[in-house]
Amino acid sequence: MNRAELHLWLIRHAPVAGPRDVIHPPEAPADLADTARFAALREALPADVPTYASPAQRTVDTAHALGLDPMLQSDFREQGFGEWTGRTHADLEAEFGDDYATFWHSPARRRPPGGESFVDQIERVRRGLAQLPAGEAVLVVHSGTIRAILAIALETTPESALRFVVAPLSLTRIDRVAGSWRVRYVNRR
């Protein structure tokens, strides 16, 4: 294998074990009940390759349920939602009204109070990718992180990358070969 090559298996973490419609904080745990899905996903992964995860509890829980021992990489964390973290969408809509709705009409370049934009996340994820050694790697991360990697690989706008659906416990495969990216599949379940 050419040392510049990078072969990535991107896994979105399991669903959060907690209420729906919340912007979950990093310490929110994963729901590990779908043992059949974990078994199938485990079989799709390469053996004995480096594994990385966001430091969020749900990514670490997911990696451990897959029998992986990840190195934590903070550049792969989910988009920071600042003051909105831990709150329900309904509460945020009631408190911020039109400002909250405006954010979601164009979320790629806007920042929540005290948070970061998706554009900020893409640049952070780009930094994380640059630190990976050539070869193969499994990343257990968030939907936003996978969308950011796809934006980088496809050289597309942040707005376009946000259109990807990345389901919990889905697998996305991309490779960097000869300096360019190839997307094998996205959101495989």
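### Let's talk about the overall build of the protein
Working step 1: Secondary structure summary: the protein contains seven helices and six strands in total.
Working step 2: Along the protein, helices and strands appear, N-terminal first, in the series β-α-β-α-β-α-α-α-β-α-α-β-β.
Working step 3: If one aligns the C-alpha atoms of the protein with their principal axes, the spans along those axes are about 55 × 35 × 25 Å.
Working step 4: Looking at the protein as a whole, 47% of its 189 residues qualify as buried.
Working step 5: Pairs at least 24 apart in sequence give 66% of the contacts found in the protein among residues at least 6 apart.
Working step 6: Accessible surface for the protein amounts to roughly 9300 Å². Of this, 49% is attributable to carbon and sulfur atoms.
Working step 7: The protein carries 22 positive and 24 negative side-chain charges, and their two centres are separated by 6 Å.

### Considerations on the side chain of His13
Working step 1: Relative to the elements of secondary structure, His13 occurs in the loop between β1 (6-12) and α1 (35-44).
Working step 2: With residues near it in sequence (within four places) discarded, His13 still touches Arg58, Thr59, Thr62, Val141, His142, Pro168 and Leu169.

### Examining the nonpolar core
Working step 1: Core analysis: the largest hydrophobic core is formed by 23 residues, its most contacted members being Leu8, Phe76, Leu129, Leu132 and Leu139.
Working step 2: Elements supplying a minimum of two residues to this core: β1, α5 (118-131), β4 (135-141) and α6 (143-154).
Working step 3: Ranked by residues supplied to this core, first place goes to α6 with seven residues.
Working step 4: Counting 17 residues, the second largest nonpolar core, distinct from the first, contains Val49, Leu68, Val140 and Leu171.

### Notes on unusual backbone geometry
Working step 1: Despite not being glycine, Asp48 has its phi angle at roughly 55 degrees, a positive value.
Working step 2: With a relative accessible area of 80%, Asp48 lands in the exposed category.
Working step 3: A positive phi angle, close to 65 degrees, is found at Asn187, a residue other than glycine.
Working step 4: Looking at where Asn187 falls in the secondary structure, it is placed in strand β6 (residues 180-188).

### Observations regarding the environment of Ala153
Working step 1: The topology assignment puts Ala153 in helix α6.
Working step 2: As a C-alpha pair, Ala153 and Thr88 span 65 residues in sequence and 32 Å in three-dimensional space.
Working step 3: Excluding residues within four positions of it along the chain, Ala153 makes contact with Ile174 and Trp181.

### Digging into the environment of Asp98
Working step 1: Relative to the elements of secondary structure, Asp98 occurs in helix α4 (residues 98-105).
Working step 2: Its relative accessible area of 64% is what places Asp98 among the exposed residues.
Working step 3: For the pair formed by Asp98 and Gly114, sequence separation is 16 residues and the distance between their alpha carbons is 18 Å.

### A look at the environment of Arg188
Working step 1: You can see Arg188 is positioned in strand β6.
Working step 2: Separated by 65 residues in the primary sequence, Arg188 and Glu123 place their C-alpha atoms 25 Å from one another.

### A look at the pairing of β1
Working step 1: Across the seven residues that make up β1, a large majority, seven, are buried.
Working step 2: What you see with β1 is no split at all: Leu6, Leu8, Leu10 and Arg12 on one side and His7, Trp9 and Ile11 on the other are buried throughout.
Working step 3: Here β1 runs beside β4; their pairing, made up of seven bridges, is parallel. Within β4, the residue paired with Leu6 across the bridge is Gly135.
Working step 4: Of the strand pairs in this sheet, β1 and strand β5 (residues 171-177) are connected by six bridges, and their pairing is antiparallel. Pairing of Leu8 across the sheet is with Ile174, part of β5.

Rules and cut-offs
- Residues numbered from 1 in each chain as written.
- Predicted model: local features only at pLDDT ≥ 70, side-chain atom pairs only at ≥ 80, totals over all residues.
- Heavy atoms only, no water.
- Helix = DSSP H or I, 4+ residues; strand = E, 2+ residues; numbered from the N terminus.
- Buried < 20%, exposed > 50% of the residue type's maximum accessible area, 1.4 Å probe, protein only.
- Contact = heavy atoms within 4.5 Å.
- Areas by Shrake-Rupley, 256 points an atom, 1.4 Å probe, with all protein chains shown as cover.
- Lys, Arg positive; Asp, Glu negative; His and termini not counted.
- Charge placed at Lys NZ, Arg CZ, Asp CG, Glu CD.
- Core = buried A, V, L, I, M, F, W, Y, C linked by side-chain atoms within 4.5 Å.
- Pairing = 2+ DSSP bridges.

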